Amino acid sequence: MRRLVFLGPPGAGKGTQAVLLAREQKLAHLSTGDMLRAAVAAQTPLGQEADGYIRAGRLVPDELVLRILKDRLRQPDAASGFVLDGFPRNRSQAEALERISPVDAVVSFEIPNEILVQRLSARRICPKCQSVYNVESRPPRIPGRCDLDGSELVQRPDDLPEAVATRLDVYAKATAPLLDYYRERSLLRPVNARGTPEEVALQIRALVHGTP
Ligand code: AP5
Ligand code: MG
C-alpha cells in the first residue's frame, strides 16, 4: 500500500506517524497543515489568506487547500507513493481527492478527546525545521531547544486552548463524517492511537504490509 490517507483528530499523532512511515517506506509526506504553515511563514498571498483561519482553528477554504495540494502532488517524489496527513477534512475535499488520485487505505487514528487536549497543550515545535516535540512524551534533549538545530522551541498558535476547542468541534462536525464515507468504500483501517508512538507505528506497519 503506497497511497495512504491518515485521518484523525488534532493531536492524534498523524504527523508523528507520517514522518516515521514516509522515511521507512520512502513515501512523500504530504501534510496540508505543514504546507499552509510554510506559506504563512513565507508570507505568500495564499499564506496571508490562510493565516486567520489557522489561528482560529477553522478550516482554510477548500479552494486554497486544493491549490497547494495539487502543486505538491505534481512534484516527482509523490509519484511513487504518499501519506496524506490532514487531507481530506470534509466531504467536498474527499470528492476532490477521488478526482485527483486513487488511495489504497485510510488509516483512522482512534483516541479519546481528553488525551488529545493533553498532547496538544504539551506540544512544542521547532520554527526552523518543523520538528515536533512534546514536553511530556517526547522532550528535547536540552529543555526548550531543538535537538537538530538548537532553535528555541515554540507553541503552535492553534494549540492554545480556545483554538483547540474549535479544532475539536470542526473535526467532529466536518471531518468525522468521512469515517463513514471511507467505511462504505471499504478503505477504512482503524488503529488504536492511544499507545506509545512505537506501538502505534507497529499497527500501521502491519496494515501497510497486509499482516494481521
Ligand atoms: P494540521 O496541521 O493538519 O493539524 P491537525 O489535524 O489539527 O493535527 P495536528 O498536527 O495538531 O496533530 P497530529 O495528529 O499531526 O499530531 P502530532 O503527531 O503532531 O492543521 C492545522 C490547521 O491547518 C487546521 O486547523 C486548518 O486551519 C488548516 N488545515 C490543514 N489542513 C487543512 C485542510 N485539508 N483543509 C482545510 N484546512 C486545513 O502529535 C501531537 C503531539 O503529541 C506532539 O507533541 C507529539 O510529540 C505527541 N505525540 C504523538 N504521538 C504520540 C503518542 N503515541 N503518545 C504520546 N504523545 C504523542
Ligand atoms: Mg500534524
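My aim in this report is to walk through the structure given alongside it, one point at a time.

With that settled, the discussion passes to the overall build of the protein chain. Looking only at helices and strands, the protein chain has 9 helices and 7 strands in total. Burial analysis of the protein chain (212 residues in total) assigns 45% to the buried set. Intrachain contacts of the protein chain at a sequence separation of at least 6 include 68% that bridge at least 24 residues. Accessible area for the protein chain stands at about 11,100 Å²; split by element, carbon and sulfur atoms hold 53% of it. In the protein chain, which carries 30 positive and 26 negative side-chain charges, the distance between the mean positions of the two groups comes to 3 Å.

Of note, aspartate 180 is situated in helix H8 (residues 177–184). Side-chain polar atoms of aspartate 180 contact the side chain of arginine 183, separated by 2.5 Å.

Moving on, we come to the sheet that holds strand S4 (residues 105–110). Read from one edge of the open sheet, 5 strands run S2-S3-S1-S4-S7, paired in parallel fashion. What marks the edges here is a single partner per strand, and that holds for strand S2 (28–31) and strand S7 (188–192). On average, each strand axis in the sheet is inclined to that of its neighbour by 20 degrees, with strand direction left out of account. Sheet analysis places S4 next to S7, joined by 5 bridges and oriented parallel. Opposite phenylalanine 109, over in S7, you have valine 191 as the bridge partner. The strands touched by helix H9 (residues 197–208) are strand S1 (3–7), S4 and S7; relative to S7, the strand with the most contacts, the crossing angle is about 155 degrees.

Here we take up the layout of surface pockets. Volume-wise, the second largest pocket comes out at about 380 Å³. Around the second largest pocket sit 16 residues that line it, and Arg37, Val40, Ala41, Ile125 and Pro157 are the ones nearest its centre. At the level of elements, helix H2 (32–41) and helix H3 (45–56) are the ones that each hand at least two residues to the lining of the second largest pocket. Per element, the largest residue contribution to the lining of the second largest pocket is 5 residues, and it comes from H2. In the lining of the second largest pocket, the residues fall into 8 nonpolar, 2 polar and 6 charged.

The local shell around ligand 1 holds 34 residues, among which Thr16, Arg58, Arg89, Arg123 and Arg167 are the closest. Interatomic distance of 2.8 Å between a backbone N/O atom of glycine 11 and an oxygen atom of ligand 1. One of the backbone N or O atoms of glycine 195 is found 2.9 Å from a nitrogen atom in ligand 1. Protein coverage of the free-state accessible area of ligand 1, which is 1,000 Å², stands at 95%. In terms of residue count, H2 provides more of the shell around ligand 1 than any other element does, 4 residues in total. The residue inventory of the shell around ligand 1, partitioned by class, reads 13 nonpolar, 12 polar and 9 charged.

Thresholds applied
- Residues numbered from 1 in each chain as written.
- Chains lettered and ligands numbered in written order.
- Predicted model: local features only at pLDDT ≥ 70, side-chain atom pairs only at ≥ 80, totals over all residues.
- Heavy atoms only, no water.
- Helix = DSSP H or I, 4+ residues; strand = E, 2+ residues; numbered from the N terminus.
- Buried < 20%, exposed > 50% of the residue type's maximum accessible area, 1.4 Å probe, protein only.
- Contact = heavy atoms within 4.5 Å.
- Areas by Shrake-Rupley, 256 points an atom, 1.4 Å probe, with all protein chains shown as cover.
- Lys, Arg positive; Asp, Glu negative; His and termini not counted.
- Charge placed at Lys NZ, Arg CZ, Asp CG, Glu CD.
- Polar contact = N/O pair within 3.5 Å; in protein donor to acceptor, adjacent residues only side chain to side chain.
- Pairing = 2+ DSSP bridges.
- Axes fitted to C-alpha atoms, helices over the stretch in contact; angles between N-to-C directions.
- 1 Å grid on protein atoms, 1.4 Å probe; cavity = no way out; pocket = protein on both sides within 12 Å on 5 of 7 lines; lining within 4 Å.
- Points joined across faces, edges and corners; volume = space filled by probe spheres on them.
- Nonpolar A, V, L, I, M, F, W, Y, C, P; charged D, E, K, R; others polar.
- Near = heavy atom within 4 Å.

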